[in-house]
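# Overview (structure and organization)
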Amino acid sequence: MTLDPDTARRLRDGMARGVLSFPLTSFHDDGTLDPDGFRAHVAAQIATAPGAVFPACGTGEFFSLDEDEYRQVVTITVEEAGGRVPVVAGIGYGWAQAVRFARIAEDAGADALLVLPHYLVAAPQDGLVAQLEQIAARTRLPLIAYQRGQVAFGPAAFRRITAIPGVIGLKDGHSDLDRLQRLTLAAPEDFLFFNGAATAEIQARAYAAVGVPAYSSAVHAFAPEIADAFFTALRDGDDGTVDKLLRDFYVPFVELRDRVPGYAVSLVKAAARLRGRPVGPVRAPFTDPTAADLADLRLLLTTGLDLVGAQL
């Protein structure tokens, strides 16, 4: 396969410039895909100039999309991006199904692919490497591996995946900074890393200390004003602003998020709806927040926006 050597450079430049946007997938109240709502949402996300946009990933409920819905989501994102920011589409499941999604993303014009953790089963290190080898051999798009859940690369396996043609980066969701430091030291100089922990801002300083300053931001999906203010303060070494945003917004948000499994997506969607974004409900097995949790979310969101001079 022929890879575009410019993609990694564009991603690196974007990751240094802003947070990575993971848009929500819009659904109607009956659970069907809402293409118009999604187009409006992703256009608003891109208008804030993120470093890159990642449709149909975890925050975008990739696991709940069929292939036709996936095609629409990626196509709309590419159209709205218009080449202004890289588009990295999520793919996943076993390698054979991942390749089906990869080919849809290729046809839609995506720039790269994020390989989400495979479905259900634990696997040895050789198998984790083989999964990426099989996908890379069947797509022309560069791959970013995502280690989270049952996927965790040791140093030896990691060195092998960096040698796979087309694998250009790693998203980390384990927050094992000892292991991550070993991987960054073992990586080729131009290999990309970014922090993919849930509510990544909480650990952004710690990740930056081991050489991984770039991160994805779920908060950006509903409050880009807060996400961008945090990114700017962190980049500029404004510890006072970073601490205030962490203490008064991000930490309470994580505490609210941890009340119910799946709230890492459900709360983000609910917060977007509170701001009038046309994202609709989550799909099962996620559930929308309770009335009490929604009231707490509204109060917290108002507080966070006030901290950065914005309004609900």
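Please refer to the structure placed before this passage.
Figured I'd write up the structure that's included with this text. (Residues numbered from 1 in each chain as written. Predicted model: local features only at pLDDT ≥ 70, side-chain atom pairs only at ≥ 80, totals over all residues. Heavy atoms only, no water.)

## Quick notes on the packing of helix α5 (residues 125-136) against helix α6 (residues 155-162)
Following both chains from N to C, one finds α5 and α6 inclined at 15°, their axes separated by 10 Å at the closest point. Here α5 lies roughly parallel to α6, going by the angle between them. Between α5 and α6 lies a crossing whose hand is right-handed. On α6, the residues that touch Gln125, Asp126, Val129 and Leu132 of α5 are Ala157, Arg160 and Ile161. Residue composition of the contact of α5 with α6, by class: four nonpolar, one polar and two charged. (Axes fitted to C-alpha atoms, helices over the stretch in contact; angles between N-to-C directions. Helix = DSSP H or I, 4+ residues; strand = E, 2+ residues; numbered from the N terminus. Parallel < 35°, antiparallel > 145°, perpendicular 65-115°, else oblique. Left-handed = near helix turned anticlockwise from the far one by under 90°. Contact = heavy atoms within 4.5 Å. Nonpolar A, V, L, I, M, F, W, Y, C, P; charged D, E, K, R; others polar.)

## Quick look at the sheet that holds strand β7 (residues 192-195)
Here five strands make up an open sheet; going across it, the order is β3-β4-β5-β6-β7 and the pairing parallel. Unpaired on one side and paired on the other, β3 (88-91) and β7 mark the two borders of the sheet. Taken pair by pair, the neighbouring strands of this sheet meet at an average axis angle of 25°, ignoring direction. Examined bridge by bridge, β3 and strand β4 (residues 112-115) share four bridges and lie parallel to one another. Bridge pairing links valine 88 to alanine 112 in β4. Along the sheet, α5 contacts β3, β4 and β5 (143-147); its crossing angle with β5, the most-contacted strand, is approximately 155°. (Pairing = 2+ DSSP bridges.)

## Points about helix α11 (residues 263-274)
Look at α11: 15 Å from first C-alpha to last across twelve residues, which is about the 16 Å you get at 1.5 Å a residue. With ten of twelve residues buried, α11 is to be regarded as a mostly interior element. On its buried face, α11 sits against α10 (239-257) and α12 (291-307). Phi turns positive one or two residues past the end of α11, at glycine 276, with a value near 80°. (Expected span 1.5 Å × (residues − 1). Buried < 20%, exposed > 50% of the residue type's maximum accessible area, 1.4 Å probe, protein only.)

## Some words on the sheet that holds strand β8 (residues 216-217)
Across the sheet, three strands lie side by side as β2-β1-β8; this open sheet has parallel pairing. A single partner strand is all that each edge strand has here, and the edge strands are β2 (52-53) and β8. Where strand β1 (residues 20-21) and β8 come together, two bridges link them in parallel fashion. Bridge pairing links leucine 20 to serine 216 in β8.

## Regarding the packing of α10 against α12
In contact at an axis separation of 10 Å, α10 and α12 are set at 160° when each is read in the N-to-C sense. Comparing their axes, α12 and α10 come out roughly antiparallel. By crossing handedness, the relation of α10 to α12 is classed as left-handed. When α10 is examined against α12, the residues Lys244, Leu245, Asp248, Phe249, Pro252, Phe253 and Leu256 are found in contact with a partner set consisting of Asp293, Asp296, Leu297, Leu300, Leu301, Thr303, Gly304 and Leu307. Looking at the contact of α10 with α12 residue by residue, the class counts come to nine nonpolar, two polar and four charged.

## Considering the nonpolar core
The biggest cluster of nonpolar side chains holds 72 residues, and the ones touching the most others in it are Phe54, Tyr70, Ile91, Leu114, Phe153, Phe158 and Phe193. Of all the elements, helix α4 (residues 95-108) adds the most residues to this core, at seven residues. Dropping the residues within four chain positions of it, leucine 114 is found in contact with Phe22, Phe54, Cys57, Val88, Ala89, Gly90, Ile91, Ile144, Ala145, Tyr146 and Lys171. (Core = buried A, V, L, I, M, F, W, Y, C linked by side-chain atoms within 4.5 Å.)

## Looking at the environment of leucine 234
Relative to the helices and strands, leucine 234 resides in helix α9 (residues 224-235). In sequence terms leucine 234 and lysine 244 are ten residues apart; their C-alpha atoms lie 12 Å from each other. The contacts of leucine 234, once residues within four sequence positions are left out, are Ala204, Arg205, Tyr215 and Val242.

## What about the side chain of glutamate 106?
With respect to the helices and strands, the residue glutamate 106 is situated in helix α4. For glutamate 106, a relative accessible area of 15% translates into the label buried. For glutamate 106, the contacting residues outside a window of four places in its chain are Arg138, Thr139, Arg140 and Leu141.

## Remarks on the pattern of salt bridges
This model, assessed by the stated rule, comprises 23 salt bridges. One salt bridge in this structure joins aspartate 13 and arginine 9, with 2.9 Å as the shortest N-O distance. Note that aspartate 13 and arginine 9 are positioned in helix α1 (residues 6-17) at a spacing of four residues, about one turn of the helix. Taking the relative accessible area as the measure of exposure, aspartate 13 reaches 39% and is therefore partly exposed. Here the residues in one salt-bridge network are Asp6, Arg9 and Asp13, joined through shared partners. (Salt bridge = Lys/Arg side-chain N within 4 Å of Asp/Glu carboxyl O.)

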